[in-house]
Number of protein chains: 2
Amino acid sequence: MAYQHWSYETLKALCMEVYQKFGFSTRDSEVITDVLLSSDLYGIESHGMQRMQLYNKGIRAGKIKVDAKPEVVFETPVSAVIDGHDAMGQLVGHRAMELAIEKAKTSGIGIVSARNSNHYGIAGYYAKMASSQGLIGLSCTNSTAIMVPTYGRRAMLGSNPIAMAVPAEPCDFFFDASTTVVTLGKLEVYNKQSKPLPLGWALDQEGIPSDNAGDVIHNITTGNGGGIVPLGGDTEQFGSHKGYGYGMIVEILSAILSLGATSNLCNIGGKGLVCHGFIAIDPAIFGDPAAIKEHLSNYLRQLRESPRAEGADRIYTHGEKEQEAVAVRMKEGIPVLDNTMVELLGICKYLDIDFSKYFGDYLPPDTGFKGNEFS
Amino acid sequence: MAYQHWSYETLKALCMEVYQKFGFSTRDSEVITDVLLSSDLYGIESHGMQRMQLYNKGIRAGKIKVDAKPEVVFETPVSAVIDGHDAMGQLVGHRAMELAIEKAKTSGIGIVSARNSNHYGIAGYYAKMASSQGLIGLSCTNSTAIMVPTYGRRAMLGSNPIAMAVPAEPCDFFFDASTTVVTLGKLEVYNKQSKPLPLGWALDQEGIPSDNAGDVIHNITTGNGGGIVPLGGDTEQFGSHKGYGYGMIVEILSAILSLGATSNLCNIGGKGLVCHGFIAIDPAIFGDPAAIKEHLSNYLRQLRESPRAEGADRIYTHGEKEQEAVAVRMKEGIPVLDNTMVELLGICKYLDIDFSKYFGDYLPPDTGFKGNEFS
C-alpha cells in the first residue's frame, strides 16, 4: 500500500470543486476545505483526505444537510447554544468558534455549546482559530460511540477529542488528542494497510483485546459491542477511569450543556446529532498577555531542553510536530494512501469531476478495497 | 501493616487542635480540616491524614506561612489572579474558588488563577464547592515536579490533577484525577506498605521502568532524575503524549496565567510556589439548569446500566465511589495506616497534643518507619 504525494494546491482545488459540486457556497466550501487540508498538513492523516468518504456518504444520505444554517438558540454575553440543524460539522464548528472568539473579545471569555451537528474534522482547527488571534482556544466534540467505559463492553462515548491552543513562540502550544487510547481514524488507517493493531487499543464484542482493525470497525458500525478503550487502557491500574473521565468532560461541554445527543445516540438512524464545545479566553483577563506568552514560551523551551530518556532523540512540546509537518508538506506534497485515492476517485465519478484534471495519469491500483465501512 | 479505624469526629477534632496549635484561626483550621477529611471520606487515602506530615514539615520549615493572607492582585468581572503569599494551599484554594463562584453567580462564569501557594489537598474539594451550589466546578493544580515528559528523563511537570464536578442525581458527576498514570501519594502508600510498584508507573533515574517506590520517591525528592510517567505510559503508542498534554493544560491554567512558578520550580529551596486554577460556570448561561441536570443524570444512568465486560461486577460513573465511600466511612470509621499513625504521633508530640485523648490506648507499632521522605 503506497502513498502518493500531491501538492496542497492540487488537493485544495479538488476539495473546492467537490464541495461546490455538492452544493455548498464558495465561502462554505473554503471553510470545509481549510479544515480538511489543515489536518493533512499537520500530519493528521486520519482526518484529512481520508475523511472525505465519510462526508461523501453523509451528504448523499441526507444526514449532512447542504443548505442548513446553524442557529444561535440561546445566548448571554459569555455563552451561546447553537443548533446546527444537521449542517456540515465544519460549518457549525467554524460559526461556533467565531462566536466564542467574538464574546471573548468583548467579555473576556466565550463558551459555546453546539448540538445537531455532524463530524467536524480535527478539534484542533477551532482551537487554532482562537490562538491565531492571540486568544486561548479550546474545542471538543463528541462523536459516534466508539469508547467502551471502564468495565463495560458497549461503546457509549465517542473518541471525544479535546484540543487546546495557546499563543507561544516559536510555536503555539497546540494539543489535540482523542480521550480514547487511539482514534477510529487510526484503526481505519491500519485497516487500509491490513496491519494488526497493537493489543491494548481495542476490544472485540466480548470485551476481549483484539488486533483486528476491520472486525472492531465492523462491530462498532453494526452495534455488535466492543470498541476502543479509554486513554489508560481497560482497567483502573493504568488509569482507564481517567480517559473515561476526560471523555465525560467532553460529553458535558458538548452534548449535556447544549441538551443535544450524547455519543451513544450519534450517527444512528440516519441522523448525525453530533455535539461540540468551544471556549475562547482573552489572556488579558489575567493581566499582561505578552508576559503570559513569554512565560509559556520559556517553559516550553525548558521542556524541550530537559534531559532525554536513553535512546530518545528529542522531547517535543505540543504543536511542534504539526508546525514542522506543515513545512514539509508544503514543500514535498501531502501523502495520500492509494486506498484513500480509491475513495477520492469514487467521489469524483459520482460528482462527474475529471479526476485526471487533478491527478494526471495516476489511477489507484485495484486492491479490492471498496472504501472504509465506517467512513 | 494494618489499618486502624477512627471516627470522623475523632479525626476532625484532632485536625482542629493540630491546626489551631500551629496558629491558624478557627475558621482557617475548619477549612484545612474539611479538605483533609473530605479526602479520607472519599476514600482518597493518599490525600487525607496521610498528607498531614507534608503540611507539618512545610509549616515548621516556614514554607507554609501561617499568617499569610491570599491577595487578589488582578481582577475582571469574569476572572482574577490571586497571590497566595505562601499561605496554606487549602486556604488559597478555598478563597480562590469562593471568588470564582461569586463571579459565576454574577457574570455566568469565573476563572481564577493562583500563584505562590502550597499543596492544596485534593483538587476535587474545590470543584465540589461549586457543584454543591448548583454550578459546574473545575479545579486543577501544579505541584512538585514528578511527571517525566514523553521521551524525557527529568520530572518537569507535577501530578497536575484536574477535577470537575457537575450537578446530577443521584450523585454529582465528580471526576478528580492526576494527569500522571498514578499520584506520588499512591507511591507513598506503596512505600509504607513495602509493596512493589506495577511496572509502567514509574521510571528510575536512567529512565528505565522501576518497581521500587522508595527509590523513585528518593530520586524525585533529591532531583536525581526519573519520576512517574504521564497517563498513557512512556511512549506515544498508548498515548503518553496525551497525559503529558493534560498535564500541560494544568500548568497553563495555574502557573502560566498567574505568572507563577511551573512545577519544575515548585517546592525547591524552601519555597512552595505552587499554582492552582479554578473555573465555576453557572449552567443557566446555557438555558435551563434543571433540564441540563436531568440530561446528565439520564446519561450517567445509561452508562451504569450498559452491558458489563466479562467478569466485571459494575460500571461506575465518576463520583459514585466517593459518595459510597463517605457513607461507609461515616458508619464504620476512617481507615488510617499504622505508618500514618506514626506520623500523627510525631505531630502530636511536636505540638504537645495528648495523643491518647483521641486514640486511647492505641500506639502505632514500631516498624522502624520514620515518615515518608517526601511528605
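Residues numbered from 1 in each chain as written. Chains lettered and ligands numbered in written order. Predicted model: local features only at pLDDT ≥ 70, side-chain atom pairs only at ≥ 80, totals over all residues. Heavy atoms only, no water.

**Some points on the overall build of chain A**
Then comes step 1: Across its full length, chain A carries 12 helices and 12 strands.
Then comes step 2: Summarising its shape, the C-alpha atoms of chain A cover approximately 60 × 50 × 45 Å along the three principal directions.
Then comes step 3: Of all 375 residues assigned to chain A, the portion counted as buried reaches 64%.
Then comes step 4: Across chain A, the fraction of contacts at a sequence separation of at least 24, relative to all contacts at a separation of at least 6, is 67%.
Then comes step 5: Accessible surface computed for chain A: about 13000 Å², of which carbon and sulfur atoms make up 50%.
Then comes step 6: A gap of 2 Å separates the mean positions of the 32 positive and 42 negative side-chain charges of chain A. (Helix = DSSP H or I, 4+ residues; strand = E, 2+ residues; numbered from the N terminus. Buried < 20%, exposed > 50% of the residue type's maximum accessible area, 1.4 Å probe, protein only. Contact = heavy atoms within 4.5 Å. Areas by Shrake-Rupley, 256 points an atom, 1.4 Å probe, with all protein chains shown as cover. Lys, Arg positive; Asp, Glu negative; His and termini not counted. Charge placed at Lys NZ, Arg CZ, Asp CG, Glu CD.)

**Remarks on the sheet that holds strand 9 (residues 209-210) of chain A**
All names here are of chain A.
Then comes step 1: Taking strand neighbours across the sheet as the criterion, the three strands line up as 9-8-10 in an open arrangement whose pairing is antiparallel. Only two strands of the sheet have a single neighbouring strand rather than two, namely strand 9 and strand 10 (227-228).
Then comes step 2: Note that strand 8 (residues 202-203) and strand 10 share two bridges and pair antiparallel. Its bridge partner lying in strand 10, alanine 202 is registered against isoleucine 228. (Pairing = 2+ DSSP bridges.)

**Some thoughts on the packing of helix 2 (residues 26-42) of chain A against helix 4 (residues 89-107) of chain A**
Residue and element names in this part refer to chain A.
Then comes step 1: Where helix 2 meets helix 4, the closest approach of the two axes is 9 Å, and the angle between their N-to-C directions is 95°. Regarding the angle of helix 2 to helix 4, the classification is roughly perpendicular. Seen from helix 2, the contacting residues are Arg27, Asp28, Val31, Ile32 and Val35; seen from helix 4, they are Gln90, Leu91 and His94.
Then comes step 2: Looking at the contact of helix 2 with helix 4, its residues break down into four nonpolar, two polar and two charged. (Axes fitted to C-alpha atoms, helices over the stretch in contact; angles between N-to-C directions. Parallel < 35°, antiparallel > 145°, perpendicular 65-115°, else oblique. Nonpolar A, V, L, I, M, F, W, Y, C, P; charged D, E, K, R; others polar.)

**Some thoughts on the interface of chain A and chain B**
Then comes step 1: Across the boundary between the two partners, chain A contributes 83 residues, which contact 83 residues of chain B.
Then comes step 2: Here chain A and chain B share an interface that buries about 7100 Å² over both sides, 72% of which is from carbon and sulfur atoms.
Then comes step 3: Between chain A and chain B we count four salt bridges in total.
Then comes step 4: A salt bridge links lysine 321 of chain B to glutamate 236 of chain A, with the shortest nitrogen-to-oxygen separation between them at 2.7 Å. (Buried area = accessible area lost by both parts, 1.4 Å probe. Salt bridge = Lys/Arg side-chain N within 4 Å of Asp/Glu carboxyl O.)

**Points about the relation of the copies chain A and chain B**
Then comes step 1: When chain A is fitted to chain B, the best match, at an RMSD of 0.0 Å, comes from turning it 180° and sliding it 0.0 Å along the axis. Both chain copies can therefore be described as sitting about a two-fold axis. Every residue of chain A has its C-alpha some distance from the rotation axis, and the shortest such distance is that of glycine 232 of chain A, at 2.6 Å. (Least-squares fit on C-alpha atoms with pLDDT ≥ 70 in both.)

**Some thoughts on the sheet that holds strand 3 (residues 79-83) of chain A**
Then comes step 1: Strand order in this open sheet of seven strands is 2-3-4-11-5-6-7 (chain A), and the pairing throughout is mixed. A strand with exactly one partner marks an edge of an open sheet, and here the two such strands are strand 2 (71-76) and strand 7 (173-177) of chain A. For this sheet, the mean angle separating the axes of adjacent strands, direction not counted, is 10°.
Then comes step 2: Relative to strand 11 (residues 274-281) of chain A, strand 4 (residues 109-117) of chain A runs antiparallel, the two sharing seven bridges. Bridge assignment links isoleucine 109 of chain A to a residue of strand 11 of chain A, and that residue is isoleucine 281 of chain A.
Then comes step 3: Across the sheet, helix 8 (residues 240-256) of chain A is in contact with strand 4, strand 5 (136-141), strand 6 (162-166) and strand 11 of chain A; its angle to strand 11 of chain A comes to roughly 90°.
Then comes step 4: Sheet strands in contact with helix 8 (residues 240-256) of chain B are strand 6 and strand 7 of chain A, and its direction is about 135° off that of strand 7 of chain A.

**Things to note about the nonpolar core**
Then comes step 1: In this structure, Ile109 and Phe173 of chain A together with Ile109 and Phe173 of chain B are the most contacted members of the largest nonpolar core, which totals 74 residues.
Then comes step 2: Filtering out sequence-adjacent residues up to four positions away, phenylalanine 173 of chain A remains in contact with Met164, Ala165, Val166, Ala168, Leu296, Leu300 and His318 of chain A together with Gly245, Met248, Ile249 and Ile252 of chain B. (Core = buried A, V, L, I, M, F, W, Y, C linked by side-chain atoms within 4.5 Å.)

**Quick notes on the pattern of salt bridges**
Pairs can form between side chains of opposite charge once their charged atoms are near each other.
Then comes step 1: Under the criterion given, the structure shown has 32 salt bridges over all chains.
Then comes step 2: A salt bridge links glutamate 206 of chain A to arginine 153 of chain A, with the nearest nitrogen and oxygen atoms 3.4 Å apart. Residue glutamate 206 of chain A is found in the loop between strand 8 and strand 9, and its partner arginine 153 of chain A is found in the loop between strand 5 and strand 6; the two are separated by 53 residues along the sequence.
Then comes step 3: What makes glutamate 206 of chain A partly exposed here is its relative accessible area of 36%.
Then comes step 4: Arginine 304 of chain B is the partner of glutamate 320 of chain B in a salt bridge, and the nearest nitrogen-oxygen pair spans 3.7 Å. Of this pair, glutamate 320 of chain B sits in helix 10 (residues 320-332) while arginine 304 of chain B is found in helix 9 (residues 289-304), placing the two residues 16 residues apart along the sequence. With respect to class, glutamate 320 of chain B is no different from arginine 304 of chain B; both count as buried.

**Examining the state of the cysteines**
Residue and element names in this part refer to chain A.
Then comes step 1: Using the criterion set out here, one finds zero disulfides over all chains in the structure.
Then comes step 2: With no disulfide of its own, cysteine 15 lies closest to cysteine 348 among cysteine sulfurs, the gap being 9.8 Å.
Then comes step 3: According to the relative accessible area criterion, cysteine 15 is buried, its value standing at 0%.
Then comes step 4: Not engaged in a disulfide, the cysteine cysteine 140 finds its nearest cysteine sulfur in cysteine 275; these two sulfurs lie 10 Å apart. (Disulfide = S-S within 2.5 Å.)

**Details of the side chain of asparagine 56 of chain B**
Then comes step 1: Along the polypeptide, asparagine 56 of chain B turns up in helix 3 (residues 52-60).
Then comes step 2: Asparagine 56 of chain B sits in the buried class, given a relative accessible area of 4%.

**A few points about the confidence of the model for chain A**
Then comes step 1: Scored by pLDDT, chain A comes out at a mean of 95, with 98% of its residues at no less than 70.
Then comes step 2: Model confidence for the complex: the whole-complex pTM is 0.97, and ipTM, which rates the interface, is 0.97. (pLDDT = per-residue confidence, 0-100.)

**A look at the pairing of strand 7 of chain A**
Residues and elements named next belong to chain A.
Then comes step 1: Extensive coverage of strand 7 is indicated by the burial of four of its five residues.
Then comes step 2: Inspection of the sheet shows strand 6 paired to strand 7 by five bridges, in the antiparallel sense. Bridge pairing in strand 7 places isoleucine 162 opposite alanine 177.

**Side note on the pairing of strand 12 (residues 334-337) of chain A**
All names here are of chain A.
Then comes step 1: Side-chain alternation along strand 12 places Ile334 and Val336 on one buried face and Pro335 and Leu337 on a second face that is also buried.
Then comes step 2: Relative to strand 12, strand 1 (residues 3-6) runs antiparallel, the two being bridged by four bridges. Paired with histidine 5 across the bridge in strand 12 is proline 335.

**Observations concerning helix 11 (residues 338-351) of chain B**
All names here are of chain B.
Then comes step 1: Here helix 11 is 14 residues long and its end C-alpha atoms lie 20 Å apart, about the 20 Å a rise of 1.5 Å per residue gives.
Then comes step 2: Judged by how many residues are buried, helix 11 sits mostly within the fold: 10 of 14 residues are covered.
Then comes step 3: Looking at the residues trailing helix 11, positive phi occurs at aspartate 352, about 60°. (Expected span 1.5 Å × (residues − 1).)

**Quick notes on the packing of aromatic side chains**
All names here are of chain A.
Then comes step 1: Counted according to the given criterion, the structure contains 29 aromatic pairs over all chains.
Then comes step 2: Members of the aromatic cluster, each reached through a chain of ring pairs, are Trp6, Phe355, Tyr358, Phe359 and Tyr362.
Then comes step 3: If you follow lysine 128 out to its NZ or CZ, it ends over the ring of phenylalanine 174, 4.9 Å from the centre.
Then comes step 4: Positioned above the aromatic ring of tyrosine 316, the side-chain terminus of lysine 321 is 4.6 Å from the ring centre. (Phe/Tyr/Trp six-rings, centres within 6.5 Å; stacked < 30°, edge-to-face > 60°. Lys NZ or Arg CZ within 6 Å of the ring centre and 35° of its normal.)

**Some thoughts on the environment of leucine 253 of chain B**
All names here are of chain B.
Then comes step 1: As for its position among the elements, leucine 253 is in helix 8.
Then comes step 2: According to the relative accessible area criterion, leucine 253 is buried, its value standing at 14%.
Then comes step 3: Put simply, leucine 253 and glycine 277 are 24 residues apart on the chain and 5.2 Å apart in space, counted from C-alpha to C-alpha.
Then comes step 4: Once residues lying within four places of it in the same chain are set aside, the contact partners of leucine 253 are Ser113, Cys140, His276 and Gly277.

**Some thoughts on helix 10 of chain B**
Residue and element names in this part refer to chain B.
Then comes step 1: End to end, helix 10 covers 18 Å across 13 residues, agreeing with the expected 18 Å (1.5 Å per residue, within 8%).
Then comes step 2: Along helix 10, the residues classified as buried are Glu320, Glu322, Ala325 and Arg329.
Then comes step 3: Looking at the buried positions of helix 10, the neighbouring elements they touch are helix 2 (26-42), strand 7 (173-177), helix 9 and strand 12 (334-337).
Then comes step 4: Backbone geometry just downstream of helix 10 places glycine 333 in the positive-phi region, at approximately 95°.

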